Amino acid sequence: MLDMHIRGKTPHQRELFEQFTVQYPARNVNSIKNKIYNVSACFAALDLPYLENLTPRFNFQRELLDDVQHAAAKNAELLDELARLPSQRLGSLIAAPPLDAHVDPPKLSPDAERFMGQARVQRGPIDYVGREQANAALGLVGEEWVVDFERSRLLTAGRADLAKEVRHVARLDGDGLGYDVRSFDPQNERERFIEVKTTRSGILTPFYLTRNEVEVSKRVPEKFSLYRVHSYGLRTRVYWLDGALEATCDLAAMAYRALPKARSA
């Protein structure tokens, strides 16, 4: 499925399930569907890409996680290709986004949250999230998508004057400000500083933050929003988190800047 997604030929779910019933005649369509949803949950738990239309279901035996991790390791080159896919391969997907692209942030069930926490210790050497986030082409098209989304949102609210002032600051002013897009609240005209994180994977995919982004969100929480663009190129959607990132996200340290301690003479 991921390989077909890379090549822009993702089949309909029904076609996929019918293909598997031919390979596994002893299983019915519902059984195969549930198993694929379980595999999707394993990919999400391992911070690997999964397709949003294959809804993760976390009701499965732990052994399946080992099988999925082994399969991912065998197909590391495929995952790397997906993470590095250039923006021109997205073609006509860069279009004016509909306002109903906005969705609520994800909410995990207690069972799913507990399972993903347990799986965290099992994640292998494939850092798909980091590789994808380093893809400047994907980051750029995600930011441009948000710029268009914000302009549409303000125009719909009757604020054409503010829509004209939406600015892609990461491209025009540099990427050291701690956010990517400057927009506005249509009611009180207050500035909104928007940091954009984009993934081709589903809504449960985590993302990396810089120290600067976290600090800026703490300094101006009333203006700061994080926009998570997900399933880009399949059925692009976005949720956002307003305020300081320490309050809206579970932050886990991934690296430290270190120097030897000074020694007394």
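Model, not experiment: these values are computed from the prediction.

> Can you lay out the overall build of the protein chain for me, pointing to particular residues and giving the numbers?
In terms of helices and strands, the protein chain carries 12 helices and 4 strands. Residues counted as buried form 43% of the 265 residues belonging to the protein chain. For the protein chain, contacts bridging at least 24 residues in sequence account for 65% of all contacts bridging at least 6. Total accessible area computed for the protein chain in this model is approximately 15000 Å², and 50% of it derives from carbon and sulfur atoms.

> Give me the sheet that holds strand β3 (residues 224–230): which residues, what numbers.
Judged by pairing direction, the sheet is mixed, and its 4 strands sit side by side in the order β1-β2-β3-β4 without closing on themselves. The open sheet has two free edges, formed respectively by β1 (181–184) and β4 (237–242), since each of these has just one partner strand. For this sheet, the mean inter-axis angle between neighbouring strands, taken without regard to orientation, is 35°. Relative to β4, β3 runs antiparallel, the two being bridged by 6 bridges. Looking at the pairing, Ser 225 lines up with Asp 242 of β4. With respect to the sheet, helix α8 (residues 136–156) is in contact with β1, β2 (191–198), β3 and β4, its orientation differing from that of β2 by roughly 140°.

> A description of α8 should follow, citing residues and the corresponding values.
Spanning 21 residues, α8 covers 30 Å between terminal C-alpha atoms, matching the ideal 30 Å at 1.5 Å per step. Those residues of α8 lying buried are Leu 138, Val 141, Gly 142, Glu 143, Trp 145, Val 146, Val 147, Phe 149, Glu 150, Arg 153 and Leu 154. By the N-cap criterion, in which a side-chain oxygen at the helix start approaches the backbone nitrogen of a residue two or three places on, α8 is capped by Asn 135, the distance to Ala 137 being 3.1 Å. Gly 158, located one to two residues past α8, shows a positive phi value of around 80°.

> Please provide a residue-by-residue account of the pairing of β2, values included.
Regular strands place their side chains on alternate faces of the sheet. Counting buried positions over the 8 residues of β2 gives 7, a clear majority of the element. In terms of strand pairing, β1 meets β2 through 4 bridges, oriented antiparallel. Note on β2: the bridge partner recorded for Phe 184 is Glu 191. Connecting β1 to the next strand, β2, in antiparallel fashion are 6 residues, including Glu 189 with a positive phi near 65°.

> Give me the confidence of the model for the protein chain: which residues, what numbers.
Confidence along the protein chain averages 85 in pLDDT terms, with 89% of residues attaining 70 or more. The weakest mean pLDDT in the protein chain belongs to helix α1 (residues 2–6) at 69; the strongest belongs to β1 at 98.

> Break down the packing of aromatic side chains for me, citing the residues and quoting the values.
Within the structure shown, the criterion is met by 4 aromatic pairs. Relative to Phe 193, the ring of Tyr 179 has its centre 4.4 Å away and its plane inclined at 10°; by these criteria the two rings are stacked. Of this pair, Tyr 179 sits in the loop between α10 (169–172) and β1 while Phe 193 sits in strand β2, and the two are 14 residues apart along the sequence. Residues Tyr 179 and Phe 193 agree in their burial class; the two are buried. Arranged with centres 4.6 Å apart and planes meeting at 20°, the rings of Tyr 227 and Trp 240 form a pair that is stacked. With Tyr 227 in strand β3 and Trp 240 in strand β4, this residue pair connects regions lying 13 residues apart in the sequence. We classify Trp 240 as buried; its relative accessible area is 19%.

> Describe the nonpolar core, naming the residues involved and giving the relevant values.
With 46 residues, the main nonpolar core has Leu 2, Leu 48, Phe 58 and Leu 79 as its most contacted residues. Broken down by secondary-structure element, the contributors of at least two residues to this core are α2 (13–23), α3 (29–45), α4 (63–74), α5 (76–84), α6 (110–119), α11 (211–219), β3 and β4. Among all residues touching Phe 58, those that are not within four sequence positions of it are Ala 41, Ala 112, Phe 115, Met 116 and Leu 204. In this structure, Trp 145, Val 146, Phe 149 and Phe 184 belong to the second largest nonpolar core, which totals 20 residues.

> Quick one: what's the story with the side chain of Glu 132, residue by residue and with numbers?
Following the sequence through the fold, Glu 132 ends up in helix α7 (residues 128–133). Salt bridges are absent for the buried Glu 132, whose nearest opposite-charge side chain, Arg 200, sits at 4.4 Å. Not counting residues up to four positions away in its chain, the partners in contact with Glu 132 are Ala 83, Leu 138, Thr 198, Thr 199, Arg 200 and Ser 201.

> Just give me the short version of the packing of α3 against α4, but keep the residues and values in it.
The contact between α3 and α4 brings their axes to 9 Å, and the two run at 70°. Taken together, α3 and α4 sit at an angle that is classed as roughly perpendicular. Contact with α3, carried on its side by Lys 35, Asn 38, Val 39, Cys 42 and Phe 43, involves Leu 64, Leu 65 and Val 68 of α4 and no other residues of that element.

> Please give an account of the pattern of salt bridges that cites residues and values.
Counting across every chain of the model gives 13 salt bridges. Of the charged contacts in the structure, one is a salt bridge between Glu 150 and Arg 153, with a shortest N-O distance of 2.6 Å. Of this pair, Glu 150 and Arg 153 both sit in helix α8, 3 residues apart, which is roughly one turn of that helix. On the accessibility criterion, Arg 153 (17% relative accessible area) is buried.

The rules behind the values
Residues numbered from 1 in each chain as written. Predicted model: local features only at pLDDT ≥ 70, side-chain atom pairs only at ≥ 80, totals over all residues. Heavy atoms only, no water. Helix = DSSP H or I, 4+ residues; strand = E, 2+ residues; numbered from the N terminus. Buried < 20%, exposed > 50% of the residue type's maximum accessible area, 1.4 Å probe, protein only. Contact = heavy atoms within 4.5 Å. Areas by Shrake-Rupley, 256 points an atom, 1.4 Å probe, with all protein chains shown as cover. Pairing = 2+ DSSP bridges. Axes fitted to C-alpha atoms, helices over the stretch in contact; angles between N-to-C directions. Expected span 1.5 Å × (residues − 1). Polar contact = N/O pair within 3.5 Å; in protein donor to acceptor, adjacent residues only side chain to side chain. pLDDT = per-residue confidence, 0-100. Phe/Tyr/Trp six-rings, centres within 6.5 Å; stacked < 30°, edge-to-face > 60°. Core = buried A, V, L, I, M, F, W, Y, C linked by side-chain atoms within 4.5 Å. Lys, Arg positive; Asp, Glu negative; His and termini not counted. Salt bridge = Lys/Arg side-chain N within 4 Å of Asp/Glu carboxyl O. Parallel < 35°, antiparallel > 145°, perpendicular 65-115°, else oblique.

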